[in-house]
Amino acid sequence: MKNIKNLLIDMGGVLIDLNRPRCIASFENIGISDIRSLITTTYLQEGLFMKIEEGSITPDQFRDGIRKLSNQPLSDQQIDDAWISMLDHMPPARLELLLELRKKYNVMLLSNTNAIHWDWICRNRFSWNGHTPSDYFHTCYLSYQLGMLKPYPDIFNHVVKDAGILPAETLLIDDAVPNCETAASLGFKTYTPKDFEDWSHLFS
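Residues numbered from 1 in each chain as written. Predicted model: local features only at pLDDT ≥ 70, side-chain atom pairs only at ≥ 80, totals over all residues. Heavy atoms only, no water.

Here the focus is the environment of Ser-134. Among the secondary structure elements, Ser-134 is positioned in helix H7 (residues 133–136). Along the chain, Ser-134 and Trp-199 lie 65 residues apart, while their C-alpha atoms are 21 Å from each other. (Helix = DSSP H or I, 4+ residues; strand = E, 2+ residues; numbered from the N terminus.)

To continue, consider the packing of aromatic side chains. Taken as a whole, this structure holds twelve aromatic pairs when the rule is applied. Linked through ring pairs, Phe-27, Phe-49, Phe-62 and Trp-83 together constitute an aromatic cluster. (Phe/Tyr/Trp six-rings, centres within 6.5 Å; stacked < 30°, edge-to-face > 60°.)

All told, the structure shown has eleven salt bridges when counted by the stated rule. Across the pair Asp-88 and Arg-22 runs a salt bridge whose closest N-O atoms are separated by 3.8 Å. Separated by 66 residues along the polypeptide, Asp-88 in the loop between helix H4 (76–84) and helix H5 (92–104) and Arg-22 in helix H1 (residues 20–29) bring together distant segments of the chain. Its relative accessible area of 34% is what places Arg-22 among the partly exposed residues. Salt bridges sharing common partners tie together Asp-10, Lys-150 and Asp-174. (Salt bridge = Lys/Arg side-chain N within 4 Å of Asp/Glu carboxyl O. Buried < 20%, exposed > 50% of the residue type's maximum accessible area, 1.4 Å probe, protein only.)

Structurally, the position occupied by Ser-111 is in strand S2 (residues 106–111). What Ser-111 contacts, discounting residues up to four positions off in sequence, is Asp-10, Met-11, Tyr-141, Leu-142, Ser-143 and Lys-150. (Contact = heavy atoms within 4.5 Å.)

Taken in spatial order, the five strands of this open sheet run S3-S2-S1-S4-S5, and their pairing is parallel. Where the open sheet ends on each side, the last strands, each with one partner, are strand S3 (139–142) and strand S5 (189–191). Here the strands of the sheet are splayed against their neighbours by 20° on average, with no regard to which way each runs. Here strand S4 (residues 170–173) runs beside S5; their pairing, made up of three bridges, is parallel. Each bridged residue has a counterpart across the sheet, and for Ile-173 the counterpart in S5 is Tyr-191. (Pairing = 2+ DSSP bridges. Axes fitted to C-alpha atoms, helices over the stretch in contact; angles between N-to-C directions.)

In structure tokens:
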């Protein structure tokens, strides 16, 4: 951590645990038989799921696309529930750690996410003890708002310019190896935690 002034922290798989098998089963249960071809990797979705995370379609357009795939009159809530079923636990210890880290570092969130997931996480996870995302992060960089996705360099370059930071003074904590590889090529320090890892040891 020597010379590190900024922390760039991923959300899914780092702050909030993900349950992809449950999400796949949820979509299969509402009639999306080829869902496994769309939710296939640990860092980048495909098809409609990629489009909603890059912000090229709205949540309503995403839901209409799911209805077409299922060929059923699914409700918005059925679709949202299936998509949200990917999201699992966000242990309070991680949130407590963020509050402590914010006192010492410039803490930023950098996440490939979408409006449906983000709204749910803000209401059901970041709201712990009455908090909001701004209590944990100085800035939140969200793919669907920026129109950019990791692991492509443009999103990292945007963060550098917008935040006025130096990559060499910035640690990216991200569970996707391709994201860390891109960041490292741009001069960032990186750390790739394992599934469900308590990465607080980085700061002890």
